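Read off the chains here:
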Protein chains: 2
Amino acid sequence: MSAAFTLSIDAMGGDKAPDIVIKGVALAHIRYPNVQFQLHGDEAKLKPLLAQEKKLESCCTIRHTDQVVTNDAKPSQALRQGRNSSMWKAIEAVKNGEAAGVVSAGNTGALMAMARLILRSLPGIDRPAICALVPTRNGETAMLDLGANAECDARNLVEFAIMGECFARALLGLERPKVGLLNIGSEDLKGTHMLREVSQTLRESHLDLEFKGFVEGDDIAAGTVDVVVTDGFTGNVALKTAEGTAKLVFEFLRIAIKSSWIAKFGMLFAKPVILQVVARVDPRRYNGALFLGLNGIVVKSHGGTDAVGFANAIGNAVDMVSRDLNRHIALDLERLRAEQAAARPAPDVPPEAGLATQ
Amino acid sequence: MSAAFTLSIDAMGGDKAPDIVIKGVALAHIRYPNVQFQLHGDEAKLKPLLAQEKKLESCCTIRHTDQVVTNDAKPSQALRQGRNSSMWKAIEAVKNGEAAGVVSAGNTGALMAMARLILRSLPGIDRPAICALVPTRNGETAMLDLGANAECDARNLVEFAIMGECFARALLGLERPKVGLLNIGSEDLKGTHMLREVSQTLRESHLDLEFKGFVEGDDIAAGTVDVVVTDGFTGNVALKTAEGTAKLVFEFLRIAIKSSWIAKFGMLFAKPVILQVVARVDPRRYNGALFLGLNGIVVKSHGGTDAVGFANAIGNAVDMVSRDLNRHIALDLERLRAEQAAARPAPDVPPEAGLATQ
């Protein structure tokens, strides 16, 4: 049973909004009956949709605005012109304390830019990152950054490791998540100088995570670690490559089976379990990427998802709010900074003073 | 029917060398009866293996050396200590003109380092790259760099595009290969400044390639382009992620089918076509990565491959030699440099002279 709180919903974001958004909220309401929803969007469109879902009357309120951030809007443009948009208003509700988190299926770049401007980064976080779960042999693995930052430095990656670890603990319920740094070889000397620096920092820290060193592309699906840390360029390419590959394998299977009537006959019996496998790697199941490192819970749903996918994105927001993700991140960061400060020689004390006390 | 030439083989490279190497050569001999093989390695081990494959007597010669580059040797170490190794000698045979190309299943880093030192880069190529074919919806796509260069600049990527295009023309038989630059969005403004620079250079060039701009991770399996150009870090992660994902999907299928006797019954009929699909994405089929940009054809087989995979790697070497890959690369590079020189204002002419002629 989830605690009672309100989530703010950008009801106009996504390819099939607001229809699938409202249907997704209806599905989520069954799973989380205590959660209230503040729907930001065009009242004229939302009211008839809500009227079709009677059970939503008690848990939804509409906040009217007729402005929408389009899918092709550039982030800078959205920031300048979108202050009355459903996206902006939905994020603002978190800032104002009216909602504990926000879910949008709208334009990713605009959502990140607005969220950064309105909510600001958590103290000590240089750049927020996009994090999501991916299916693996052992269950699920959190991966970040998935595209917020095309270029990252060592500090960013260390912060991603901390945020990813807190995310895995909250969403996967792990006590000590195993964290790996994506590289092109698992030996200590592989990859760039920057990655070796990140590896050393994580290895020497006393954070509540199990740092497993470098992992490779095939370790993602193998589930070698619970958190895969990488820059937004590599993470985005890897995620889309994995999605494209899974799709290709299923398409090859479909074509091959269609080509043979014996195989088609066999599939009458094998189909149900094969559909289970399709469902197991279904992107809808993993829908709902977290924008980690902001002063507030922000969940980005895939723009082309359906009601099931949108409900899963809401589910991720509920988990993050319920488990107080951001407090955990802040505590971990504080610990790391304190360790780093203690490791540094105190700059105020003249060397003589140090010698005198020995 | 292939032309007559000699390939040099590092008979001791790879996890199961020299056994699978000799078996691979035997398979390749059936396909390419005109090709001669110079086997570099331990005569005491190679002779008995050759004795088992009578048909190889006429096409193989042994060049004895008992030194081997180990799999864990660092490139620098291999360069210092490996001058009598089977790998070094096999590459040297290309340099000396005794062989038209070399195939090795040994240590990748050592092979690249030795090949660069012995053969040198093609004139005008800053850095060689690793290129291989990957399975796609439409057939096969060439991807590079797959790990030779963890960090690349704009010049490297432009050269990779040229080399990849020549590779696709030679190996896939395409007249005007479609080339895409891997990015995290297909819009012109996405990604890093460096990628936009590469995109502009390729767009403005008059090379014999069709530049399709940016492609994303899922475009690899979709076969959107014939050549995917990226840095060695991203390419290596994407390739291994794709391999890991395909493996995961098949494993999920195996587990699901095993769990249901009805599905197992159905699989009696569907299995042959499903095995066809497994074969279609089988890494052995795509074994044999090219080291592009060197003064010589160098093919790297996967270290853990079997005889079928090794024979495919030899097949790639045969194709590259037969189609005179390096001459095509040199011609394309020359054309690009001439274009770039023509576009630049001539530096010798003082500005006044220019004004006077107007």
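Residue numbering note: each chain is counted from 1, following its sequence as written. Chain A is the first chain written and ligand 1 is the first ligand written, with later ones labelled in order. Owing to the predicted nature of the model, reporting of local features is limited to residues with pLDDT of at least 70; listing and counting of side-chain atom pairs is limited to 80 or more, with chain, interface and lining totals taken over all residues.

1. Section: the overall build of chain A
Inference 1: On a plain count of helices and strands, chain A comes out with 13 helices and 11 strands.
Inference 2: Restricting the calculation to C-alpha atoms gives the radius of gyration, and the globule rule supplies 2.2 Å times the number of residues raised to the power 0.38. Taken against the 2.2 N^0.38 rule, which gives 21 Å for 358 residues, the C-alpha radius of gyration of chain A at 22 Å falls within 12% of a compact globule.
Inference 3: Principal-axis analysis of the C-alpha atoms places the extent of chain A at approximately 80 × 55 × 40 Å.
Inference 4: Burial status across chain A gives 54% buried among its 358 residues.
Inference 5: Here, residue contact means that the backbone-derived C-beta atoms of the two residues sit within 7 Å. Counted over contacts in chain A with a minimum sequence separation of 6, partners at least 24 positions apart contribute 73%. The way it works is that DSSP assigns letters per residue, a run of H or I at least four long becomes a helix, a run of E at least two long becomes a strand, and they are numbered from the N terminus. Put plainly, a residue is buried at 20 or more neighbouring C-beta atoms within 10 Å of its own, exposed at 12 or fewer, and partly exposed in between, counting only other residues' C-beta atoms, which are placed from the backbone.

2. Points about the domain arrangement of chain A
Residue and element names in this part refer to chain A.
Inference 1: Examined at the domain level, chain A breaks down into domain 1 (1–120 + 294–323) and domain 2 (122–292 + 325–358).
Inference 2: An automatic or database domain assignment provides the domain bounds reported here. Placing a centre on the C-alpha atoms of domain 1 and another on those of domain 2 gives a separation of 26 Å.
Inference 3: Between domain 1 and domain 2, the contact holds 22 residues from the first and 15 residues from the second.
Inference 4: For the side of domain 1 that touches domain 2, the secondary-structure elements that each account for two or more residues are helix 5 (108–119), strand 11 (297–300) and helix 11 (307–322).
Inference 5: When residue character is reported, Ala, Val, Leu, Ile, Met, Phe, Trp, Tyr, Cys and Pro are called nonpolar, Asp, Glu, Lys and Arg charged, and the others, Gly included, polar. Taken together, the residues of the side of domain 1 that touches domain 2 break down into 9 nonpolar, 8 polar and 5 charged.

3. What to know about the interface of chain B and chain A
Inference 1: Each partner contributes residues to the interface: chain B has 52 residues there, and chain A has 51 residues.
Inference 2: Put simply, the parts of the chain that give the side of chain B that touches chain A at least two residues each are helix 8 (217–222), helix 9 (232–258) and helix 10 (261–280) of chain B.
Inference 3: Here the element with the most residues in the side of chain B that touches chain A is helix 9 of chain B; it accounts for 22 residues.
Inference 4: A breakdown of the residues in the side of chain B that touches chain A according to their chemical character gives 29 nonpolar, 14 polar and 9 charged.

4. Topic: the sheet that holds strand 1 (residues 6–10) of chain A
Residues and elements named next belong to chain A.
Inference 1: The strand order across the open sheet formed by 11 strands is 3-2-1-4-11-10-5-6-9-7-8, and the pairing between neighbours is mixed. This sheet does not close on itself; its edge strands, each paired only once, are strand 3 (60–64) and strand 8 (210–215). For this sheet, the mean inter-axis angle between neighbouring strands, taken without regard to orientation, is 25°.
Inference 2: As defined by bridge partners, strand 1 adjoins strand 4 (residues 101–104) across 4 bridges and the pair is classed as parallel. Paired with Ser8 across the two strands is Val102, which belongs to strand 4. What makes two strands pair is DSSP finding at least two bridges between them. Interaxial angles span 0 to 180 degrees and are taken between N-to-C directions of axes, which are lines fitted to C-alpha atoms, for helices over the stretch in contact.

5. Topic: the relation of the copies chain B and chain A
Inference 1: Overlaying chain B on chain A yields an RMSD of 0.0 Å, the required transformation being a rotation through 180° with an accompanying axial translation of 0.0 Å. On the angle and the small slide along the axis, the relation comes out as a two-fold axis. When each C-alpha of chain B is compared by its distance to the rotation axis, Gly266 of chain B comes out closest, at 2.0 Å.
Inference 2: Here 98% of the contact residues of chain B are again contact residues in chain A; the copies associate through an equivalent surface. Alignment of copies: least-squares fit on C-alpha atoms of residues with pLDDT of at least 70 in both copies.

6. What to know about the environment of Val94 of chain B
Residue and element names in this part refer to chain B.
Inference 1: Looking at where Val94 falls in the secondary structure, it is placed in helix 4 (residues 86–95).
Inference 2: Judged by the 24 C-beta atoms lying within 10 Å of it, Val94 falls in the buried class.
Inference 3: Residues Val94 and Lys16 lie 78 residues apart in sequence; the distance between their C-alpha atoms is 24 Å.
Inference 4: The residues touching Val94, leaving out its near neighbours within four places in the chain, are Ser8, Ala99, Gly101, Val102, Leu119 and Gly296.

7. Brief notes about the nonpolar core
Inference 1: Of all hydrophobic cores here, the largest spans 242 residues; its most connected members are Cys131, Leu144 and Phe167 of chain A together with Cys131, Leu144 and Phe167 of chain B.
Inference 2: Each residue touching Leu144 of chain A, except ones within four places of it in the same chain, is listed here: Ala129, Ile130, Cys131, Phe160, Met163, Gly164, Val229, Gly235 and Leu292 of chain A. To form a nonpolar core, buried Ala, Val, Leu, Ile, Met, Phe, Trp, Tyr and Cys residues must be joined through C-beta atoms within 7 Å.

8. Description of the packing of helix 6 (residues 154–172) of chain A against helix 7 (residues 193–204) of chain A
Residues and elements named next belong to chain A.
Inference 1: Closest axis-to-axis distance for the helix 6/helix 7 pair is 9 Å, and the angle between their directions is 45°. Of the possible angle classes, the one that applies to helix 6 and helix 7 is oblique. As helix 6 packs across helix 7, the resulting crossing turns out to be right-handed. Residue-level contacts link Ala154, Leu157, Val158 and Ala161 of helix 6 to Met194, Glu197, Val198, Thr201 and Leu202 of helix 7.
Inference 2: Tallied by class, residues from the contact of helix 6 with helix 7 come to 7 nonpolar, 1 polar and 1 charged. Any angle that is under 35 degrees is reported as roughly parallel, and any over 145 degrees as roughly antiparallel; angles of 65 to 115 degrees are reported as roughly perpendicular and all others as oblique. Should the near helix be turned counterclockwise from the far one by less than a right angle, the crossing is left-handed, whereas a clockwise turn marks it as right-handed.

9. Some words on unusual backbone geometry
Inference 1: Look at the link from Leu144 of chain A to Asp145 of chain A: it is a cis peptide, with omega at 0°.
Inference 2: Here Asp145 of chain A shows up in the loop between strand 6 (139–144) and helix 6.
Inference 3: With a phi close to 70°, Arg120 of chain B is a non-glycine residue in the positive phi region.
Inference 4: One can find Arg120 of chain B in the loop between helix 5 (108–119) and strand 5 (129–136).
Inference 5: In this structure Arg120 of chain B comes out as partly exposed when scored by C-beta crowding, with 14 C-beta atoms within 10 Å.
Inference 6: Backbone geometry at Asp324 of chain B places phi at a positive 55°, although glycine is not the residue there.

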